[in-house]
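Spelled out from the first residue to the last, the chains are:
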Amino acid sequence: AQSVTQPDIHITVSEGASLELRCNYSYGATPYLFWYVQSPGQGLQLLLKYFSGDTLVQGIKGFEAEFKRSQSSFNLRKPSVHWSDAAEYFCAVGDNSGGYQKVTFGTGTKLQVIP
Amino acid sequence: DAGVTQSPTHLIKTRGQQVTLRCSPISGHKSVSWYQQVLGQGPQFIFQYYEKEERGRGNFPDRFSARQFPNYSSELNVNALLLGDSALYLCASSIDRGTQYFGPGTRLLVL
């Protein structure tokens, strides 16, 4: 069964600093990988996704993620964080092998941005 | 285009009661999935429906059921509510097995 590990529960960065959120997955085949963001009390917004092809994926709001098969990782990065980026970030892996896409989420990383 | 919509936004129930949550997918999306997000956790998969048929089910008890209508909207029903059912219930829609787009959720509190 697939699983996702987000080792950092909480991260604090200064506004303007760079950001990297870690994600490791466990899946037998080539995975479908996603990053979602959730503001307090809100639903999930898709930041970016990887299905195949170029391992560096660009998303919305200036985010990017790199798929590294050898490390089973899909880390999210942003070169310069804005105060509005404060939210919770979820990494997820999708499995289509059962005839439908079952998405498994990590436990999330809460990002705090300080002035 | 409108995104995924869910109703109600908030709900308070007591133990043993039954609840129905509603979801309308993005226009053109025929697949709806339901997730439960307990405070401090990531969403957990409950069901996926496509063309009114259940295609997948997560590890949830039979108290949880769902259905999908001809217009692709969906309802999630939970019977005999327990305190542990308190959570944010998220609906996501997709074109078949593609990327899932989430609604704002329904926050359920069971007292």
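Now for a look at the structure at hand. The residue count restarts for each chain, going from 1 along the sequence in the order it is written. All chains are assigned letters beginning at A, and all ligands numbers beginning at 1, according to the order in which they are written. Local features in this predicted model are restricted to residues whose pLDDT is 70 or higher, and side-chain atom pairs enter the listing and the counts only when it is 80 or higher, whereas totals over whole chains, interfaces and linings include all residues. Where side-chain values are given, they derive from all heavy atoms of the structure, hydrogens and water being excluded.

### Considerations on the packing of aromatic side chains
Here's step 1: Side-chain rings of Phe, Tyr and Trp (the six-membered ring for Trp) are treated as a pair once their centres are within 6.5 Å; stacked means planes under 30 degrees apart, edge-to-face means over 60, and tilted covers the remaining angles. Going through the model one piece at a time under the given rule, you end up with 16 aromatic pairs over all chains.
Here's step 2: Considering the side-chain rings of A:F90 and A:F105, the 6.5 Å spacing of their centres and the 85° angle between planes classify their relative orientation as edge-to-face. Of this pair, A:F90 sits in strand β10 (residues 87–95) while A:F105 sits in strand β11 (residues 102–105); the two residues are 15 residues apart in sequence, bridging distant segments of the chain.
Here's step 3: Accessibility here uses a 1.4 Å probe with only protein chains present; expressed as a share of the type maximum, an area under 20% marks a residue as buried, one over 50% as exposed, and anything in between as partly exposed. What makes A:F90 buried here is its relative accessible area of 0%.
Here's step 4: Judged by its relative accessible area of 7%, A:F105 is buried.
Here's step 5: Look at B:F60 and B:F64: their rings are 5.2 Å apart centre to centre, the planes differ by 65°, and that puts the pair in the edge-to-face class. Strands are runs of DSSP state E lasting at least 2 residues, helices are runs of H or I lasting at least 4, and numbering of each runs from the N terminus.

### Observations concerning the sheet that holds strand β8 (residues 74–78) of chain B
Residues and elements named next belong to chain B.
Here's step 1: Two strands pair if DSSP finds at least two bridges between them. The sheet built from four strands is open, its strands ordered β1-β3-β8-β7 with antiparallel pairing. Edge positions in the sheet fall to β1 (5–7) and β7 (64–68), since each of these pairs with one other strand and no more. On average, each strand axis in the sheet is tilted by 20° relative to the strand beside it, whichever way the strands run.
Here's step 2: Note that β7 and β8 share five bridges and pair antiparallel. The residue of β8 that forms the bridge with S65 is N77. Under this scheme, a helix contributes an axis fitted over its contacting stretch, all axes are lines through C-alpha atoms, and angles between N-to-C directions fall in the 0 to 180 degree range.

### Quick look at the state of the cysteines
Residue and element names in this part refer to chain B.
Here's step 1: Count a disulfide wherever a pair of cysteine sulfur atoms falls within 2.5 Å. Tallied over the entire structure, the rule returns two disulfides over all chains.
Here's step 2: Here C23 pairs with C91 through a disulfide, and the sulfurs are 1.8 Å apart. Sign of the S-S torsion, about -60° for the bond between C23 and C91, identifies this disulfide as left-handed. Linking C23 in strand β3 (residues 19–24) with C91 in strand β9 (residues 87–94), this pair joins segments that are 68 residues apart in sequence. One exposure class covers both C23 and C91, and it is buried.

### Considerations on the pairing of β8(B)
Residue and element names in this part refer to chain B.
Here's step 1: Extensive coverage of β8 is indicated by the burial of five of its five residues.
Here's step 2: Covered by surrounding structure in β8 are S74, L76 and V78 together with E75 and N77, the residues of both alternating faces.
Here's step 3: Relative to β8, β3 runs antiparallel, the two being bridged by five bridges. Looking at the pairing, V19 lines up with V78 of β8.
Here's step 4: Between β7 and β8, which pair antiparallel one after the other, the connecting turn spans five residues, and Y72 there sits at a positive phi close to 75°.

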